[in-house]
Amino acid sequence: MKIIVCAKQVFDPETPVSGLVIDEESVSITSRLGMPPVLNGFDENAIEAALRIKDTTSAEVTIISIGNDFVMDVMKKPLSMGADELVLVQGSEFENLEPYTTAFFLSCAIKKIGLPDLILCGRQASDWDNGQVPLILAELLDLACLTLAQDITVQSSIIKTERVIPDGYQILEAELPALVTVTNELGEPRYPTLRGIMNAGKKSPIVLSFDDLDIQSYDYKSKIKTNKISIPEANDDCEFIQGSDDQESGRLLALKLRDTGLI
Amino acid sequence: MSHTAIIIEEGQETLDSSIESILSLANSFGDDVSLVMFNSDNVELRESLTCLNVNQIYCINPPGTYNKPLPDEVAISCLEWFCNKNNVDRVLMNKTPWALNIGPRLAFRIKGSYAQDCIDIKRQEDNELVCLRPIYGGNAIAHVSLPGDTPQVATVRTTPKETIKTINGNPISITDLKPQIETDDIRVKILKTVTTVAEGPELSKAEIVIAGGRGLGGPEPFEKLKELAKILDGAVGASRAACDAGWIDHNFQIGLTGKTVTPNMYLTFGISGASQHMAGCSGSRNIVSINSDKNANIFKESKYGVVGDWKLVLPSFISTVRELIDEKQK
């Protein structure tokens, strides 16, 4: 079976707010510290989900990403984890896309390389947290859509997932082809192996440009517009409770909470 | 007059502050406002909605046997049918996992735009909506505009406000609807729903939440937090790092992709306060934090803080709290 995993390169979500710079002209954010980007964490969970299926079946896993400034060490990580191919949809046309447009171009690229049995996506990206691209992609490709999976099993042409819901889960079932969004409850992604890293080093990505996508219509007009990005103000008025040692601090804190009616 | 529809999640059985909070946002637009619920046998909710100050209340009864739990596809088709039939200009939903599954696809179907997890929305003269959305885990805010010439769909992060129940003198009657949609080819079936109920008050409704994070270093300290929760009649929560490490079940996860809590007091141990976590607890009225790093972000949001080793602070804190509570009950 063929699996495509959609992955996005993002700023390290651990970047402190002081490390973020707003570019007012392009209404986007860059990192002051020049920190290398990382793969979106939820996408790594999706890659792990694909590789677990590959562990038990003869699946072929292709990673696809869309953007312009790819850092190859970052984008090749899925290959070193065990994925088979990497497709980069690359060009200046693909910078700062809004979710609908991203999904539109991705759908074109996926049609171009061939519709797989299963598409896996992280539930959302840790930079813009839109959570829309996978769902719109499922609509554009007219696929069964199973969201927020913490577990996936595939048996012949039937897929079953456990979907995370508040205080539990649901078991969903659909026939392939399907699109599944994966959440962190699935578990930690595996580490690259030495052999994987060597294989990834030898492998070149397949690069698709705007012209390669055979876009017939101009149905990729942005639906939303980001006018501005601002940094919220932090209030900094914490009252610190300090005893002569930590034990006393604990005692004084309890008394403080009593005096202020919090307990 | 344009028309704002507030969609209430299938399965929600009571009127709560989330509905009132979205209603007060919708009323600020100055448009017609309708409430949309599912399943007429949801009697308690049905009754309680009629006292709210809205123009219309609709109850959608999905066809076939697919009503509880409602598959996403059926919900989306019903809402697509509803929006087209009633010329809905904008749709507002509480940001729940259900709404996040439905919203983007509904917006796509009705050829509209969508914004997720908005903390504020302003309606402009030309019907455009300007939505404020936290991005980069809450480190920045995007001001996103949804054009006014196509339908707009937004999910809203609600915080409990002291809303005045806008009691309507004459209760509004509810219009029951049976959407004409095809349900023969439902592709994703819900085979089973499994839920677990934790001891004590429900996390999202608790008045005191005691949360632990990466700094606790293992599963055992959460037993201590549970002990404290019992004394205070509170609920225990955790950061995503603690859940991903397997120290506590993911049902306790608080944050952007976990639960949202809005207690009177949010008491944290070993939580650094990454913005993704704060997204789930910043609606708390008072945050009180214990952390060994005096520069931890959590202190920027806290009312009271102790810089110290939780291993030493917690035992004396628990024993003093126990004494104070005992005293109070005497």
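Only a predicted model underlies this, so the values are computations on that prediction, with no experimental measurement involved.

The rules behind these values
Residues numbered from 1 in each chain as written. Chains lettered and ligands numbered in written order. Predicted model: local features only at pLDDT ≥ 70, side-chain atom pairs only at ≥ 80, totals over all residues. Heavy atoms only, no water. Helix = DSSP H or I, 4+ residues; strand = E, 2+ residues; numbered from the N terminus. Rg over C-alpha atoms; globule rule 2.2 N^0.38 Å. Buried < 20%, exposed > 50% of the residue type's maximum accessible area, 1.4 Å probe, protein only. Contact = heavy atoms within 4.5 Å. Salt bridge = Lys/Arg side-chain N within 4 Å of Asp/Glu carboxyl O. Pairing = 2+ DSSP bridges. Axes fitted to C-alpha atoms, helices over the stretch in contact; angles between N-to-C directions. Disulfide = S-S within 2.5 Å. Domains from an automatic or database assignment. Buried area = accessible area lost by both parts, 1.4 Å probe. Polar contact = N/O pair within 3.5 Å; in protein donor to acceptor, adjacent residues only side chain to side chain. Nonpolar A, V, L, I, M, F, W, Y, C, P; charged D, E, K, R; others polar.

**Here we look at the overall build of chain B**
Item 1. Broken down by element type, chain B carries 8 helices and 16 strands.
Item 2. Against the compact-globule benchmark of 20 Å for 330 residues, chain B has a radius of gyration of 22 Å, which places it among compact chains.
Item 3. Each of the three principal axes of chain B carries a C-alpha extent, and together these read 65 × 45 × 40 Å.
Item 4. A burial count over chain B gives 58% of its 330 residues as buried.
Item 5. For chain B, the share of sequence-separated contacts (at least 6 apart) that also reach a separation of at least 24 residues comes to 62%.

**Details of the pattern of salt bridges**
All names here are of chain A.
Item 1. By the definition in use, this model includes 30 salt bridges over all chains.
Item 2. In this structure, the salt-bridge partner of Lys112 is Asp214, at a minimum N-O distance of 3.1 Å. Taken as a pair, Lys112 in helix H4 (residues 99–113) and Asp214 in the loop between strand E13 (206–208) and strand E14 (225–230) lie far apart in primary sequence, 102 residues in all.
Item 3. For the salt bridge of Asp259 with Arg258, the shortest nitrogen-to-oxygen distance reads 3.1 Å.
Item 4. Taking the relative accessible area as the measure of exposure, Asp259 reaches 56% and is therefore exposed.
Item 5. Through salt bridges with shared partners, one network takes in Glu48, Arg52, Asp55 and Arg190.

**Here we look at the sheet that holds strand E9 (residues 144–155) of chain A**
Item 1. Taken in spatial order, the 10 strands of this open sheet run E13(A)-E7(A)-E6(A)-E1(A)-E8(A)-E12(A)-E9(A)-E10(A)-E11(A)-E11(B), and their pairing is mixed. The sheet is open, and its two edges are formed by E13 of chain A together with strand E11 (189–195) of chain B, each paired on a single side. The average undirected angle you get between the axes of adjacent strands in this sheet is 30 degrees.
Item 2. By the bridge criterion, 6 bridges tie E9(A) to strand E10 (residues 158–165) of chain A in an arrangement that is antiparallel. Following the sheet pairing, Asp151(A) is matched in E10(A) by Glu162(A).
Item 3. Its contacts with the sheet place helix H5 (residues 133–140) of chain A against strand E1 (2–6), strand E8 (118–122), E9 and strand E12 (178–182) of chain A, and it is angled at close to 175 degrees to E12(A).

**With respect to the state of the cysteines**
Item 1. Inspection of the entire model under this criterion finds 0 disulfides over all chains.
Item 2. Cysteine Cys6(A) shares no disulfide, and the gap to the nearest cysteine sulfur, in Cys121(A), comes to 3.8 Å.
Item 3. The structure places no disulfide on Cys78(B), whose sulfur is separated from the nearest cysteine sulfur, that of Cys59(B), by 11 Å.

**Structural notes on the domain arrangement of chain A**
Item 1. We note that the domain assignment places domain 1 (2–213) and domain 2 (236–263) within chain A.
Item 2. For domain 1 of chain A versus domain 2 of chain A, the separation of C-alpha centres amounts to 46 Å.

**Some remarks on the domain arrangement of chain B**
All names here are of chain B.
Item 1. By domain assignment, chain B separates into domain 1 (3–185) and domain 2 (203–329).
Item 2. Put simply, the middle of domain 1 and the middle of domain 2, counted by C-alpha atoms, are 32 Å apart.
Item 3. When domain 1 packs against domain 2, the two sides together hide about 680 Å² of surface, and 48% of this comes from carbon and sulfur.
Item 4. Here domain 1 and domain 2 share 0 salt bridges between them.
Item 5. At the surface where domain 1 touches domain 2, the tally comes to 4 residue pairs in polar contact (both at pLDDT 80 or more).
Item 6. Considering only residue class, the side of domain 1 that touches domain 2 consists of 2 nonpolar, 4 polar and 3 charged.

**Quick notes on the environment of Leu186(A)**
Residue and element names in this part refer to chain A.
Item 1. Looking at where Leu186 falls in the secondary structure, it is placed in the loop between E12 and helix H6 (194–202).
Item 2. Looking at Leu186, the relative accessible area reads 7%, which means it is buried.
Item 3. Sequence-wise, Leu186 and Asp23 are 163 residues apart; in three dimensions their C-alpha atoms are separated by 35 Å.
Item 4. Look past the residues within four positions of Leu186 in its chain and what remains in contact with it is Asn45, Glu48, Ala49, Arg52, Ala149, Gln150 and Asp151.

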